[in-house]
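Tertiary structure, described
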Amino acid sequence: SCPLAMTAAWCAISQGRPADAYRWSQAAFGAAQEDWQANLHRSALEAGLALLLSTSGTLSYERSAVLAGQAMRSLPVDHPALPYAQVMTGWMQVLGGARDIGLTNLTQAAQLARSRGLLGTEVEASGLLATALLSRGDYSGAESLVATALRTWSQGGISHFLAAGAVIAGPAALVAARDGQAELARAQLARVHEAVTMFGPILPWLAVTHECFAAAAHALLGDKEQAGRHLASAVESAAAAPESTVLNDLLRAARTTVEGESRLAALSPAERRVFERLLTRATLREIAEELFVSPETVKTQTSSIYRKMGAASRRELQELGDRLRASPGSGP
């Protein structure tokens, strides 16, 4: 039975059971009529199969976006899967390089899910939207989305919806680490581990995004060993996933955060204060006056900062500082 097999596949996906998801997906596609992809308007069954295939991670992001978009347009306007179809359309567009239209679809999907009381889908849409914003350095926009999604998750009675919790965990861990909320960050990092274990085999892109977020979050929390381990896992996951500018941006940002935080950790408190002022236009004498130390002290500390940060000049040091500030979740 194609409908029963498809239902079983969706249940397995939502519960993070990759082997069962693959088995039931294959059963559903095998039991479907051969011309189902050419007749998505025939019934919600064909549209559901298209969504299942676009979610599977076996297609390119561009092809998945097209297929999910066709499913979205084929579903009746009152169908409960319509918001999810728009979520998948938007996210695959983002991964495939059509970031602006993808962001629009994700925003609309979150609003549609909220209006229909589909809180799990709303959290998923918000989590993916936050991920997309973080990939381009929009920390403030992502922070607001994460806060709203976490409230919905904790107060909406949907903690059993594992997929939604998995999607929001990565952005939430990074945002909490950046805000200095260590306890919340560690709680979300535990969920990140569960998310990658459960959903990584089903959703290859999630393994990349969440390993990137975990690497940056651990770096900000001062755990260099864990940060390095997650960064290595992110690189490995990215190599196994289809090419995506967004995933590359997140990987680059995670690497910058991990390496930058490692260098910053080597600075003494006094050197850290000088470093922050070296990123401005203040002269060494002006920095000395502001910190109530001698110019010679500032000069000595500046030389030490250059050595520890691997910079040959103040301009190079400022460029490094700019990269750290632009990195999602990082900054001196």
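Coordinates for the structure precede this section.
Throughout what follows, the structure given in this document is the object of discussion. (Residues numbered from 1 in each chain as written. Predicted model: local features only at pLDDT ≥ 70, side-chain atom pairs only at ≥ 80, totals over all residues. Heavy atoms only, no water.)

**Description of the pattern of salt bridges**
For the structure on display, the rule yields ten salt bridges. A salt bridge links aspartate 249 to arginine 99, with the shortest nitrogen-to-oxygen separation between them at 3.1 Å. With aspartate 249 in helix H13 (residues 245-265) and arginine 99 in helix H6 (residues 99-115), this pair connects stretches of sequence that are 150 residues apart. Since its relative accessible area comes to 16%, arginine 99 is described here as buried. (Salt bridge = Lys/Arg side-chain N within 4 Å of Asp/Glu carboxyl O. Helix = DSSP H or I, 4+ residues; strand = E, 2+ residues; numbered from the N terminus. Buried < 20%, exposed > 50% of the residue type's maximum accessible area, 1.4 Å probe, protein only.)

**What to know about empty space enclosed by the protein**
Scanning all chains against the criterion turns up two cavities of 30 Å³ or more. Its boundaries defined by the atoms lining it, the largest cavity holds a volume of some 70 Å³. In this structure, the largest cavity is lined by 13 residues; those nearest its centre are Gly57, Leu59, Tyr61, Met92 and Trp205. Contributions of two or more residues to the lining of the largest cavity are made by helix H3 (44-55), helix H4 (61-74) and helix H11 (204-220). Looking at the lining of the largest cavity residue by residue, the classes come out as eight nonpolar, five polar and no charged. (1 Å grid on protein atoms, 1.4 Å probe; cavity = no way out; pocket = protein on both sides within 12 Å on 5 of 7 lines; lining within 4 Å. Points joined across faces, edges and corners; volume = space filled by probe spheres on them. Nonpolar A, V, L, I, M, F, W, Y, C, P; charged D, E, K, R; others polar.)

**Observations concerning H13**
Taking 1.5 Å as the rise per residue, H13 with 21 residues should run 30 Å; its terminal C-alpha atoms sit 30 Å apart, in good agreement. Its side-chain oxygen 3.3 Å from the backbone nitrogen of valine 246, serine 244 forms the N-cap of H13. (Expected span 1.5 Å × (residues − 1). Polar contact = N/O pair within 3.5 Å; in protein donor to acceptor, adjacent residues only side chain to side chain.)

**A closer look at the side chain of glutamate 124**
By the element assignment, glutamate 124 lies in helix H7 (residues 119-135). If we ignore the near neighbours within four places in the chain, the residues touching glutamate 124 are Tyr84, Phe161, Ala163, Ala164 and Val167. (Contact = heavy atoms within 4.5 Å.)

**Examining the nonpolar core**
For soluble globular proteins, the rule of thumb is that nonpolar side chains tend to be buried together. Among the nonpolar cores identified, the biggest contains 85 residues, and Trp91, Met92 and Trp205 are the most heavily contacted of them. With nine residues, the top contributor of residues to this core is helix H5 (residues 82-95). The contact partners of tryptophan 205, leaving out residues within four places of it in the chain, are Tyr61, Trp91, Met92, Leu95, Leu128 and Leu247. Core analysis: the next-biggest nonpolar cluster, separate from the first, contains 17 residues, Leu264, Ile287, Tyr306 and Ala311 among them. (Core = buried A, V, L, I, M, F, W, Y, C linked by side-chain atoms within 4.5 Å.)

**Regarding the environment of alanine 71**
Structurally, the position occupied by alanine 71 is in helix H4. For the pair alanine 71 and glutamine 37, spaced 34 residues apart in sequence, the C-alpha separation works out to 9.8 Å.

**A closer look at the packing of helix H8 (residues 139-155) against helix H9 (residues 162-178)**
At their nearest, the axes of H8 and H9 sit 9 Å apart, and the two run at 130 degrees to each other. Compared by their axis directions, H8 and H9 come out oblique. Like other packed secondary-structure pairs, H8 and H9 cross with a definite hand, here left-handed. Residue-level contacts link Tyr139, Glu143, Val146, Ala149, Leu150 and Trp153 of H8 to Ala164, Gly165, Ile168, Pro171, Ala172, Val175 and Arg178 of H9. (Axes fitted to C-alpha atoms, helices over the stretch in contact; angles between N-to-C directions. Parallel < 35°, antiparallel > 145°, perpendicular 65-115°, else oblique. Left-handed = near helix turned anticlockwise from the far one by under 90°.)

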